[in-house]
Amino acid sequence: MTESSAAGDVAQEVAALTSAAAGNWRRAGVAGAAIGVIAAGAAAGVAIERLTVGRGMRKKARLALDSSGPYGGLRGTPGTALADDGTELYYETDEVEPEETAKPVKGAKGGKAAKAAASAAAPRRRRLFGRRTPAPVTVVFSHGYCLNQDSWHFQRAALRGLVRTVHWDQRSHGRSARGASQRGPGAVAVTIDQLGRDLKAVIDAAAPEGPLVLVGHSMGGMTIMALADQYPELIRERVVGVAFVGTSSGKLGEVNYGLPLAGVNAVRRILPGVLKALGTQADLVERGRRATADLFAGLIKRYSFSSKDVDPAVVRFAERLIEGTPIDVVAEFYPAFTDHDKTAALGVFLDVPALILAGVSDLVTPSSHSEAIADLLPDAELVLVPDAGHLVMLEHPEAVTDRLADLLARVGAVPTETNVDTYGTTAQPGTTAQPGS
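Below: a short report on this structure. (Residues numbered from 1 in each chain as written. Predicted model: local features only at pLDDT ≥ 70, side-chain atom pairs only at ≥ 80, totals over all residues. Heavy atoms only, no water.)

Let's talk about the overall build of the protein
Okay, step 1: When you go through the protein residue by residue, the secondary structure sums to 16 helices and eight strands.
Okay, step 2: Sorting the 437 residues of the protein into buried and exposed places 54% on the buried side.
Okay, step 3: Counting only carbon and sulfur atoms, one obtains 54% of the accessible surface of the protein, whose full area is about 18100 Å². (Helix = DSSP H or I, 4+ residues; strand = E, 2+ residues; numbered from the N terminus. Buried < 20%, exposed > 50% of the residue type's maximum accessible area, 1.4 Å probe, protein only. Areas by Shrake-Rupley, 256 points an atom, 1.4 Å probe, with all protein chains shown as cover.)

Below, the structure is given as structure tokens:
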């Protein structure tokens, strides 16, 4: 079966679901498959390899991976910001450690001589260990669609205690409350502009003063652009650095997600109706997601990663993050991306040190979108990471952390002589992770 015919078959079955008030397990399975694609930022109709291992064995394997890869377990000081529509937005702060409790250089046994020897033996790659600057810089991390703040696990671990950071959950994601404007009879659609105002509320609550470095992945990068569009004075007065990771300033309606053009166009025609129907049958769809967990996992891997040697526990971690986003939230947010266009807002960042980073094999927000951002910010550092997909910060965390550390050093958040650990290599044993370019 060709990809285009597979796309047509899935599209027909999903369309049939939209006309049913209720469905059997087969239809629930189709809904689950569709949500797997949508949540990964793609479209239905992807050919998935046949699964030959028993379902019971796969369930046991997932449980083993969950226990062996405790990613996302880092927690900070909790706080709540109130959005302009009353939505409670959850965030956590990690403060700078006192000098006397600073983390030692990895491998040091103690004593000045040992520390000096360890420092001399360290590779050129920066390590975020050692002395720090007292500059009161706060780094604010914004996550992407169908994820939560834990998607920055590796970068958070590397920066922990060295610079003040804020990690927050977008409305209706993670530990944040469901969007107040999206509930009840007067519900309105989520917009990227709303997310920009949400970020402003988080900054007002968690970092009301001092320099800021804004870091955003995918929808999080769009959120930063919306913040700049609505609050350009905040960017000019307080933002000393910005990092756009795997994101886009617009024209997302032209992305084909690696699918044949005919299949993409067919899915786009039916997707609004499918999402609306699925959003009203949340219980059915959630059962379908569970029933088609293996297909769901295959779709997530295809649209999140590119490397063949990614740690299976990291892949499973990404799966858990996306699984945690309810179908009605998926439905609420998806239309916002078609309307997203913040190209003009990028001009606010012309004088701000910037990092633009993307995976070369990103199927969700192709690296060409990052290159388009770089064309508008000619002084920015553009980094295209080979053999990397959409979740580049999980797939090649060492490359992302390294370039982010350089940005922080450039803006004075950490001293230039500070080094970054290679913490977070996710390649399986016996393999070598691809470095950033």
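Quick look at unusual backbone geometry
Okay, step 1: One non-glycine residue, Lys251, lies in positive phi territory at about 65°.
Okay, step 2: Positionally, Lys251 belongs in the loop between β6 (239–245) and α9 (261–279).
Okay, step 3: On the accessibility criterion, Lys251 (61% relative accessible area) is exposed.
Okay, step 4: Of note in this structure, Asp387 is not a glycine but carries a positive phi near 55°.

So, the packing of helix α6 (residues 192–206) against helix α7 (residues 219–230)
Okay, step 1: Two numbers describe how α6 lies on α7: the axes approach to 7 Å, and their chain directions differ by 80°. As summarised for this structure, α6 and α7 are arranged roughly perpendicular, according to the angle between their axes. Counted together, Ile192, Asp193, Leu195, Gly196, Arg197, Leu199, Lys200 and Ile203 of α6 and Met219, Met222, Thr223, Ile224, Ala226, Leu227, Asp229 and Gln230 of α7 form the full contact between these two elements.
Okay, step 2: Residues that form the contact of α6 with α7 fall into these classes: nine nonpolar, three polar and four charged. (Axes fitted to C-alpha atoms, helices over the stretch in contact; angles between N-to-C directions. Parallel < 35°, antiparallel > 145°, perpendicular 65-115°, else oblique. Contact = heavy atoms within 4.5 Å. Nonpolar A, V, L, I, M, F, W, Y, C, P; charged D, E, K, R; others polar.)

Looking at the packing of aromatic side chains
When we look at a pair of aromatic rings, we describe it by the centre distance and by the angle of the planes.
Okay, step 1: With the rule as written, the count across this model stands at five aromatic pairs.
Okay, step 2: Measuring from centroid to centroid gives 5.5 Å for Phe244 and Phe349, while their planes differ by 85°, and the two rings are edge-to-face. Here Phe244, found in strand β6, pairs with Phe349, found in the loop between α13 (327–339) and β7 (354–359); they are 105 residues apart in sequence, far enough to count as distant. Here Phe244 and Phe349 have matching classes, each one buried.
Okay, step 3: Counting every residue linked through ring pairs, the aromatic cluster contains Tyr71, Phe154 and Phe317.
Okay, step 4: One cation-aromatic arrangement involves Lys200 over Tyr231; the distance from NZ or CZ to the ring centre is 5.2 Å. (Phe/Tyr/Trp six-rings, centres within 6.5 Å; stacked < 30°, edge-to-face > 60°. Lys NZ or Arg CZ within 6 Å of the ring centre and 35° of its normal.)

Section: the pairing of strand β5 (residues 212–217)
Okay, step 1: Burial runs high along β5: six of the six residues are buried.
Okay, step 2: Inspection of the sheet shows strand β3 (residues 138–142) paired to β5 by five bridges, in the parallel sense. Bridge pairing links Phe141 to Val215 in β5.
Okay, step 3: By the bridge criterion, six bridges tie β5 to β6 in an arrangement that is parallel. Bridging from a neighbouring strand, Leu214 pairs with Val242 of β6. (Pairing = 2+ DSSP bridges.)

Description of α7
Since the α-helix turns once every 3.6 residues, residues separated by three or four places project in the same direction.
Okay, step 1: The end-to-end C-alpha distance of α7, which contains 12 residues, comes to 16 Å, matching closely the 16 Å that a straight helix rising 1.5 Å per residue would cover.
Okay, step 2: Most of α7 sits out of view: 10 of its 12 residues are buried. (Expected span 1.5 Å × (residues − 1).)

A closer look at the side chain of Ser307
Okay, step 1: By secondary structure assignment, the location of Ser307 is in the loop between α11 (293–304) and α12 (312–323).
Okay, step 2: The class of Ser307 is buried, set by a relative accessible area of 5%.
Okay, step 3: Excluding residues within four positions of it along the chain, Ser307 makes contact with Asp387, Glu395 and His396.

Regarding the side chain of Gln182
Okay, step 1: Tracing the backbone through its elements, the reader meets Gln182 in the loop between β4 (164–168) and α6.
Okay, step 2: For Gln182, a relative accessible area of 10% puts it in the buried group.
Okay, step 3: Residues in contact with Gln182, not counting those within four places in the same chain, are Arg171, Ala187, Val188, Ala189, Val190 and Glu332.

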